[in-house]
Amino acid sequence: MPSKLVVRRAIWFSLMVTASFAAVGTRYWYLQVTQASHYQSLARQDYLRKLPVPAPRGNIVTSDGVTVAGSTPSWSLYYLNRGTPLPQAEVARLARYLGQPAKTITATIASGLKNLPSYQPIPVADGLTAQQMTAIEENIGSLPAMRIQPVAIRNYPFNSMMGNIIGYLSDITGQQYAAWHNLGYTMTSLVGAAGLEQQYQQYLHGRAGGQYAEVNRQGQLVRLFGQSVPTPGDTLHLTINWRLQQTAQKALAYDMYVMQHANHALQAYSPNATSGGVIAIDPQNGDVLALASLPSYNPNKLLPGTATRLSYYQSLNQNPLKPFFLRPIMGRYSPGSIFKPIMAVAALASGVVTPTTQVFDPGYFPKIPSFHNWYPPGFGWVNIEKAIALSDDTFFYTMGYDMGIQVMDKWMSNFLLNRPTGIDLPGEVTSIMPTPQYLQQAIGVPWTAGWNLNTAIGQGVDQFSLIALARADSAIANGGTLYQPHLVSSITSPTGKLIKSFPPVVQGKINLPYSVWHTVHVGMEMSAQDANVVPGFSGTGYGALAGLPVPVASKTGTAQVIGRANNSLFLTYGPMPHPTLLIIVYVHSGNWGADSGFVARAIYDQYFKVKDPTAQPLLDRTFGGPFAWPFGYPANPAQIQVP
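Please read all numbers here as calculations on a predicted model, not as lab measurements.

A. Structural view of the overall build of the protein. For the protein, the count of helices and strands is 22 helices and 21 strands. For the protein, the proportion of its 643 residues judged to be buried stands at 52%. In the protein, the share of contacts with a sequence separation of at least 24, taken over all contacts with a separation of at least 6, comes to 70%.

See below:
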């Protein structure tokens, strides 16, 4: 009979064996049943590849229904990533079919092997031609790791027209992919790099789809199966009017052309007038109706995968005129005399002047005689309305001297010139306020009375963005409401469902008596419409707007710049007395403010449907023509050829 010790050991041994089998069984159950799908998925990674099918980006459409950014069907070639380079024999064969250097294909695949996960197919070529696809498909047996997939390629049908407003696309960065990979992005996704494409990336990108491919351990295709359909991006509906947009950009280019080719004996001659910007906005709600910055660029040539993308990008980046620089949003400028209406409101509101105040202009400011009027003999006795119409510097020197910088800064802040507008484009700058503290910091000199005089006429250290000025001047046009400028009115899904709408946003309100606004309006209407403000002198805007059969208001600006020709600026709005369109034009080295007013006139022709037979003789008289005037309605802006 076994001893108790032997029995005890047998029991313990049996328990150990049972526990071991139980542990093994439990683990087997866990691996084969509970976690089966997980480990099967891991195993499939050895022989499954997902060929990405990028989602079509959402369309960008103007308020009058023109698609300015869309997608077109195309075909791309992918290398089914096996973790190793493509054999040189296959590279050579593929190079013949694509018409590309073999080293380019090798470098593309090497970059993909380095930067993409092992399961991610590597894009080799986009936009395959019918000839290229036929050659590859007929020889696919000798290219077992290559596959052709349909894709949607971004397309900008109007090339550089509005190009730098829409923006362009770039390959997704590693940082972006890490942040967005759960939002339908892949390592080969394209993302907005500028303009509206960047600002509204989250709505435009859509969700990528894909087709699954089974490959063997050598990376060779076994079969294709399953497909997830890509979801297109949402559609942006712009406030931009396409007719006005085309007119704004072409008229700006044409205005600079006639400045460069004007009679050399005339003040209008300006050979360096080679860049500029235009804003056209509805002052009643902040809708941007046109926005142009020249020079522009063609975003089609910046699409990733385009053969000349790098060289084109480098040429733009090295261009001294800075095509990537969106002047109305990213630039700061001394506004010159288009700043005077804001100063006029400040002086009237603070009680420094009244509508009946008269100031004698002898051609200079008597208290500091070194400050001259632009017209040296002076205009004699003028009130504020005539001072605006004639852009009389002496009157505004007097107001600036009497107000002082603290009062002027207060009213600049009331007009929100110390704050960005928040327009829905990237890169907006904040204007520089002309404060004593800034002057001391920037130049290292104390504030004196002379700086008050310079500030009142839009010179000195003040530097404002054009879009901030457009918001401020819109408040003058509409009687005190500061609206946020914006380019997108709504966003809809691919099925047409409203995703988001953008109603007017009020950012501030300036409550003043009607008489203040009315006085400034009258002065600006005289500038645009009065041929005889004082004997022998028309309003300064009359030279560009004479004969326009619509009542409008204007203010010219000639901003002095040390070492080169003056910048030309023009502010106008109409129809009076209830304006629905405000325009600011800026021409770098445009020399004389009134001369940039022809851009505004071209926009008015389209907006008000004016045939405008008086524009050409006025243009010729200003620039010493003959120059054509192609902007009278009903001319189609798309057919207007700019030299």
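B. View of the pairing of strand β16 (residues 488–492). Counting buried positions over the five residues of β16 gives four, a clear majority of the element. Both β16 and strand β17 (residues 498–501) contribute to a ladder of three bridges, which runs antiparallel. Each bridged residue has a counterpart across the sheet, and for Ile-491 the counterpart in β17 is Lys-500. Hairpin connection, β16 to β17: the antiparallel pair is bridged by five residues, and Gly-496 has positive phi, about 95 degrees.

C. Fine view of the side chain of Thr-481. Looking at the secondary structure, you find Thr-481 in strand β15 (residues 481–483). Only 2.8 Å separates the side chain of Thr-481 from the side chain of Lys-509, close enough to count as a polar contact. Setting aside chain neighbours within four positions, we find Thr-481 in contact with Ser-474, Ala-475, Val-506, Gly-508 and Lys-509.

D. View of the sheet that holds strand β12 (residues 288–294). Across the sheet, five strands lie side by side as β12-β11-β21-β20-β19; this open sheet has antiparallel pairing. Here the strands that pair on one side only, and so sit at the sheet edges, are β12 and β19 (553–559). Each strand of the sheet is rotated relative to its neighbour by a mean of 5 degrees, with strand direction disregarded. Where strand β11 (residues 276–281) and strand β21 (residues 581–587) come together, six bridges link them in antiparallel fashion. Pairing of Val-278 across the sheet is with Val-585, part of β21. Running at roughly 35 degrees to β12, helix α10 (residues 242–260) makes contact with β11, β12 and β21 of the sheet.

E. Region of the structure containing the packing of helix α15 (residues 393–414) against helix α17 (residues 449–456). At a minimum axis distance of 7 Å, the contact between α15 and α17 shows a crossing angle of 80 degrees. It follows from the interaxial angle that α15 and α17 lie roughly perpendicular. Counting all contacts with α15, which are made through Phe-396, Tyr-397, Gly-400, Tyr-401, Gly-404, Ile-405, Met-408 and Met-412, the residues of α17 involved are Ala-449, Asn-452, Leu-453, Thr-455 and Ala-456. Among the residues making up the contact of α15 with α17, the classes are represented as nine nonpolar, four polar and no charged.

F. Spotlight on the environment of Thr-188. Mapped onto the fold, Thr-188 is located in the loop between α7 (174–180) and β7 (190–192). Since its relative accessible area comes to 17%, Thr-188 is described here as buried. Through-space distance from the C-alpha of Thr-188 to that of Asp-171 is 6.8 Å; in sequence the pair is 17 residues apart.

G. Seen up close, the pattern of salt bridges. Overall, the coordinates contain four salt bridges when judged by the stated rule. A salt bridge links Arg-57 to Glu-197, with the shortest nitrogen-to-oxygen separation between them at 2.9 Å. One end of the pair, Arg-57, is in the loop between β1 (48–53) and β2 (60–61); the other, Glu-197, is in helix α8 (residues 195–199), with 140 residues separating them in the sequence. Arg-57 sits in the buried class, given a relative accessible area of 8%. According to the relative accessible area criterion, Glu-197 is buried, its value standing at 0%. Residues Arg-154 and Glu-197 are paired through a salt bridge, measuring 2.8 Å at the closest nitrogen-oxygen approach. Of this pair, Arg-154 sits in strand β5 (residues 146–155) while Glu-197 sits in helix α8, placing them 43 residues apart in sequence. Salt bridges sharing common partners tie together Arg-57, Arg-154 and Glu-197.

H. Summary view of the nonpolar core. Grouped together as the largest cluster of nonpolar side chains are 99 residues, with contacts concentrated most on Phe-415 and Leu-417. In this structure Phe-415 touches Ile-342, Val-345, Arg-471, Ala-472, Ala-475, Ile-476, Leu-482, Ile-510 and Trp-517, once residues within four positions along its chain are discounted. If you look at the next biggest cluster of nonpolar residues, it comprises 44 residues, including Val-258, Ala-262, Phe-598 and Ala-602.

I. Representation of the environment of Ser-71. By secondary structure assignment, the location of Ser-71 is in strand β3 (residues 67–79). For Ser-71, a relative accessible area of 30% gives the class partly exposed. Between the C-alpha atoms of Ser-71 and Ile-153, which are 82 residues apart in sequence, the distance is 5.2 Å. In contact with Ser-71, not counting residues within four places along its chain, are Pro-56, Arg-57, Asn-59, Ala-152, Ile-153, Arg-154 and Asn-155.

Thresholds applied
Residues numbered from 1 in each chain as written. Predicted model: local features only at pLDDT ≥ 70, side-chain atom pairs only at ≥ 80, totals over all residues. Heavy atoms only, no water. Helix = DSSP H or I, 4+ residues; strand = E, 2+ residues; numbered from the N terminus. Buried < 20%, exposed > 50% of the residue type's maximum accessible area, 1.4 Å probe, protein only. Contact = heavy atoms within 4.5 Å. Pairing = 2+ DSSP bridges. Polar contact = N/O pair within 3.5 Å; in protein donor to acceptor, adjacent residues only side chain to side chain. Axes fitted to C-alpha atoms, helices over the stretch in contact; angles between N-to-C directions. Parallel < 35°, antiparallel > 145°, perpendicular 65-115°, else oblique. Nonpolar A, V, L, I, M, F, W, Y, C, P; charged D, E, K, R; others polar. Salt bridge = Lys/Arg side-chain N within 4 Å of Asp/Glu carboxyl O. Core = buried A, V, L, I, M, F, W, Y, C linked by side-chain atoms within 4.5 Å.

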